[in-house]
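Listed here are the chains, written in short residue letters.
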Amino acid sequence: MKSVILLGPPGSGKGTQSEKLCKEKGWLTISTGQILRQEIQSQSAIGLQVKQLMEQGSLVPDSIVLTILSEHIAKLMQNDKAVPGLIFDGFPRTLAQAQALQDFSWAPSQVHYFELSDDVIVDRLSGRRVHPSSGRTYHIHHNPPLQEGIDDVSGESLIQRADDREEVIKNRLKEYHAHTAPLIQFYQDVSKQSKQVQFFVYDASLPIEMISEQFQNHL
Ligand code: AP5
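Predicted, not measured: the structure shown is a model, and the values here were computed from it.

The rules we used
Residues numbered from 1 in each chain as written. Predicted model: local features only at pLDDT ≥ 70, side-chain atom pairs only at ≥ 80, totals over all residues. Heavy atoms only, no water. Helix = DSSP H or I, 4+ residues; strand = E, 2+ residues; numbered from the N terminus. Rg over C-alpha atoms; globule rule 2.2 N^0.38 Å. Buried < 20%, exposed > 50% of the residue type's maximum accessible area, 1.4 Å probe, protein only. Contact = heavy atoms within 4.5 Å. Areas by Shrake-Rupley, 256 points an atom, 1.4 Å probe, with all protein chains shown as cover. Lys, Arg positive; Asp, Glu negative; His and termini not counted. Charge placed at Lys NZ, Arg CZ, Asp CG, Glu CD. Core = buried A, V, L, I, M, F, W, Y, C linked by side-chain atoms within 4.5 Å. Salt bridge = Lys/Arg side-chain N within 4 Å of Asp/Glu carboxyl O.

(A) Quick peek at the overall build of the protein chain. Secondary structure summary: the protein chain contains nine helices and seven strands in total. Against the compact-globule benchmark of 17 Å for 219 residues, the protein chain has a radius of gyration of 17 Å, which places it among compact chains. Overall, the C-alpha framework of the protein chain stretches about 45 × 40 × 40 Å when taken along its three principal axes. Counting across all 219 residues of the protein chain, residues that qualify as buried make up 46%. Taking the contacts inside the protein chain whose residues are at least 6 apart along the sequence as the reference set, 72% of them involve residues at least 24 apart. Summed over its atoms, the accessible surface of the protein chain is roughly 11,300 Å², and 51% of this surface lies on carbon and sulfur atoms. Between the centroid of the 21 positive side chains of the protein chain and the centroid of its 26 negative side chains there is a distance of 2 Å.

What follows is the structure in structure tokens.
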């Protein structure tokens, strides 16, 4: 199965583009952020371990992320429904995770990098609203739900994520620049060395539909 990575800072639109691709073309998403939030919601042992780290905007240790990811992939493999492709949203986020992913059976053939400046990110994240159980994402101005505060599909209430407060956003950006941004160079090098991995860059400040057209044309 084809698999692709969505790489970019918090709030750059990775979740929005992966949600559109799943809805419009039937792709599957693996979002480590969403899996971790579900662990917190269900108060599992892992959820209790990562709650505070996520609320303060710090990265979760690689060992935990790789464990939940392997479990999630094992469950997906039991499901024999044919899908056109798999999206890694928010994974990998460190060089150690990227190196571990090279050994997975679904090593990615494309990396899509969403480039966005830090000042736009604060506006994006402070206006974001989410449907907690599905992870569906809206923005109060740029991508509003049909009815204010209500999820279009389920009719349930939308919430603001605990890590979308301004002081937490600053720490998430710090973590991104320290640990995740180096993956841009890493994947550019991988793509130069091997024709099997393509690297694409998007101006993530463009409107959602415009980015979606560019992104989906590359798949
Ligand atoms: P995660 O849930 O992955 O958060 P993130 O990467 O910080 O990304 P976001 O979900 O905040 O943003 P996004 O790029 O998906 O943007 P979105 O489409 O929502 O991770 C959360 C936490 O989990 C981490 O901080 C860490 O603690 C932990 N974690 C997760 N994975 C981990 C890993 N691999 N290793 C270690 N720790 C891990 O868009 C944002 C807003 O903008 C929305 O309101 C949207 O409607 C709007 N919008 C989107 N596109 C546009 C556009 N083009 N124009 C205008 N508005 C737009």
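Moving on from the model shown.
(B) The arrangement of the nonpolar core in detail. With 33 residues, the main nonpolar core has Leu-7, Ile-30, Val-50, Phe-88 and Tyr-187 as its most contacted residues. Contributions of two or more residues to this core are made by β1 (2-7), α2 (32-41), α3 (45-55), α4 (62-78), β3 (85-89), α5 (95-102), β4 (110-115) and α8 (182-193). At six residues, the largest contribution of residues to this core is made by α4. Residues contacting Ile-30, with those up to four places away along its chain left out, are Ile-35, Leu-69, His-72, Ile-73, Leu-76, Leu-86, Ile-87, Phe-88 and Asp-89. Ranked by size, the runner-up nonpolar core spans 16 residues in total, among them Phe-114, Leu-173, Tyr-202 and Ile-211.

(C) Here's a closer look at the pattern of salt bridges. This model, assessed by the stated rule, comprises nine salt bridges. Of the charged contacts, one joins Asp-163 and Arg-161 as a salt bridge, the two residues approaching to 3.0 Å between their closest N and O atoms. The same class applies to Asp-163 and to Arg-161, which are both buried. With a closest N to O distance of 2.9 Å, Asp-164 and Arg-172 form a salt bridge. Judged on exposure class, the residue Asp-164 and its partner Arg-172 are both buried. One network of salt bridges, in which partners are shared, links Arg-128, Arg-161, Asp-163, Asp-164 and Arg-172.

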